[in-house]
Amino acid sequence: MTFTIIGRCPRTGRLGIGITTLGLAVGALCCNIKPKVGAVVPQANVNPNLALLAMDLMEKGYSLDKVLQELESADALIEYRQLGIVDSEGNAVARTGGSTRPWAGHIVGNGYVAMGNVLAGEQVVQAIGRAFEGSLDQELDERLLLAIEAGRDAGGQRGANGQHLPEHSAALLVYEDEDIPLSQGWMDLRVDAHDTAVAELRRLRDMYKPHIPYH
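Rules of the game
- Residues numbered from 1 in each chain as written.
- Predicted model: local features only at pLDDT ≥ 70, side-chain atom pairs only at ≥ 80, totals over all residues.
- Heavy atoms only, no water.
- Salt bridge = Lys/Arg side-chain N within 4 Å of Asp/Glu carboxyl O.
- Buried < 20%, exposed > 50% of the residue type's maximum accessible area, 1.4 Å probe, protein only.
- Helix = DSSP H or I, 4+ residues; strand = E, 2+ residues; numbered from the N terminus.
- Polar contact = N/O pair within 3.5 Å; in protein donor to acceptor, adjacent residues only side chain to side chain.
- Contact = heavy atoms within 4.5 Å.
- Phe/Tyr/Trp six-rings, centres within 6.5 Å; stacked < 30°, edge-to-face > 60°.
- Pairing = 2+ DSSP bridges.
- Axes fitted to C-alpha atoms, helices over the stretch in contact; angles between N-to-C directions.

S.K.: Just checking my understanding: could you explain the pattern of salt bridges for this structure?
M.R.: Pairing between side chains of opposite charge can happen when their charged atoms approach one another. The full count for this structure, using the stated rule, is 19 salt bridges. Linking aspartate 75 and arginine 81 is a salt bridge whose minimum nitrogen-to-oxygen distance equals 2.7 Å. Here aspartate 75 and arginine 81 have matching classes, each one buried. If you follow the salt bridges from partner to partner, you end up with Arg14, Glu139, Asp141, Glu142, Glu149, Glu176, Arg202, Arg205, Asp206 and Lys209 in one network.

S.K.: Help me understand the side chain of aspartate 141 in this model?
M.R.: Tracing the backbone shows aspartate 141 in helix H5 (residues 140-153). A polar side-chain atom of aspartate 141 sits 3.0 Å from a polar atom in the side chain of lysine 209. Other than its neighbours up to four places away in sequence, aspartate 141 contacts Leu172, Val174, Trp186, Met187, Arg205 and Lys209.

S.K.: Where do I start with the packing of aromatic side chains in this structure?
M.R.: The relative placement of two aromatic rings is captured by the distance of their centres and the angle of their planes. As enumerated under the stated definition, the model contains 1 aromatic pair in all. With centroids separated by 5.3 Å and ring planes inclined at 55°, the aromatic side chains of tyrosine 112 and phenylalanine 132 adopt a geometry described as tilted. Of the two residues, tyrosine 112 is situated in strand E8 (residues 112-117) and phenylalanine 132 in helix H4 (residues 122-133); the sequence distance between them amounts to 20 residues. On the accessibility criterion, tyrosine 112 (2% relative accessible area) is buried.

S.K.: It is not clear to me how the sheet that holds strand E2 (residues 15-21) should be interpreted in this structure. Could you clarify?
M.R.: Adjacent strands of a sheet form backbone hydrogen bonds with each other and so pair up, either parallel or antiparallel. Across the sheet, 6 strands lie side by side as E7-E8-E1-E2-E11-E12; this open sheet has antiparallel pairing. Two strands bound the open sheet, and with one partner strand each, they are strand E7 (105-109) and strand E12 (187-191). Between one strand and the next, the sheet's axes are offset by a mean angle of 5°, whatever the strand orientation. Inspection of the sheet shows E2 paired to strand E11 (residues 169-175) by 7 bridges, in the antiparallel sense. Following the sheet pairing, isoleucine 19 is matched in E11 by alanine 171. Strand contacts of H5: strand E1 (2-8), E2, E11 and E12, with the helix running at about 155° to E1, the strand carrying the most contacts.

S.K.: What's the story with the side chain of arginine 95 in this structure? I'm lost.
M.R.: Note on placement: arginine 95 falls in strand E6 (residues 92-96). Given the relative accessible area of 16%, arginine 95 is considered buried. Separated by 2.6 Å, the side chains of arginine 95 and glutamate 79 make a polar contact. In this structure arginine 95 touches Leu68, Glu72, Ile78, Glu79, Arg81, Gln82, Leu83 and His106, once residues within four positions along its chain are discounted.

S.K.: Can you help me understand unusual backbone geometry in this one?
M.R.: Both trends apply: most residues other than glycine have a negative phi, and most peptide bonds are in trans. With omega at -15°, the peptide bond leading from proline 102 into tryptophan 103 counts as cis. For lysine 36, which is not glycine, the phi torsion reads 65° and is therefore positive. Along the chain, the position of lysine 36 falls in the loop between strand E3 (32-34) and strand E4 (38-43). For lysine 36, a relative accessible area of 45% corresponds to the partly exposed category.

Following this line, the structure appears as C-alpha cells:
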C-alpha cells in the first residue's frame, strides 16, 4: 500500500525519491540513494537487504537487468516484493511480483520509475508518471512532489473492500551527483506519522528549501 517515484534530473544529475504509504516511517524503511551509483526502493513486504545487494552490484558495474536477475535469485519470496531502481545515468528498471496485493504495477520511463501496490488502480501510477514527465522545467524535488501529489489525487491507496487508505507517512530525498556522506543529502525530509502526510511533506519542503544555501 505504497506509491513511489524514483527519478534522475538530466540537467543536474541529481537522484531522488518521493514516496508515501499507509504505514509509518516509510522514508527510513524503503529509501536508498548513493551518489554516482543510483537510487533503489524495495516495497510491498519490504526486504531491505535487496537494496544493499542492488547497490553493491551497481557499484561493481552490473547492468540493471543483471541486477534484477541477481535480486530474483537471492530472495525466495521475490514474488511478494516490488522493486524500482534508477542508476546515476538515468537507466531505470522495475519489478512487481506476481503475489503483491492488487492493484500493483509500475511504469518505467525516461530516467524514472513510478510504481505502487494496493492502489485504486493503474491510473495512479499513470498520473505519477505524467506529472514527473510534464515538469521537466522544475527542480527535481518539485517534480517528485508533484508526482506523488498526482498519485494521491488519482485515488492513491485503496483497500480490499474499496475504502480509501490515507497516506500516513511520506518522504522526499534528493542527492547531488557528488561524493558526500550518505547522511548528507541535498534534501532529506520525512513525515513519519501524519493524517495527511503528502500535504505535510510539501509544507516541510517549502519551509526547508530557502535554508539549503545556509546548510
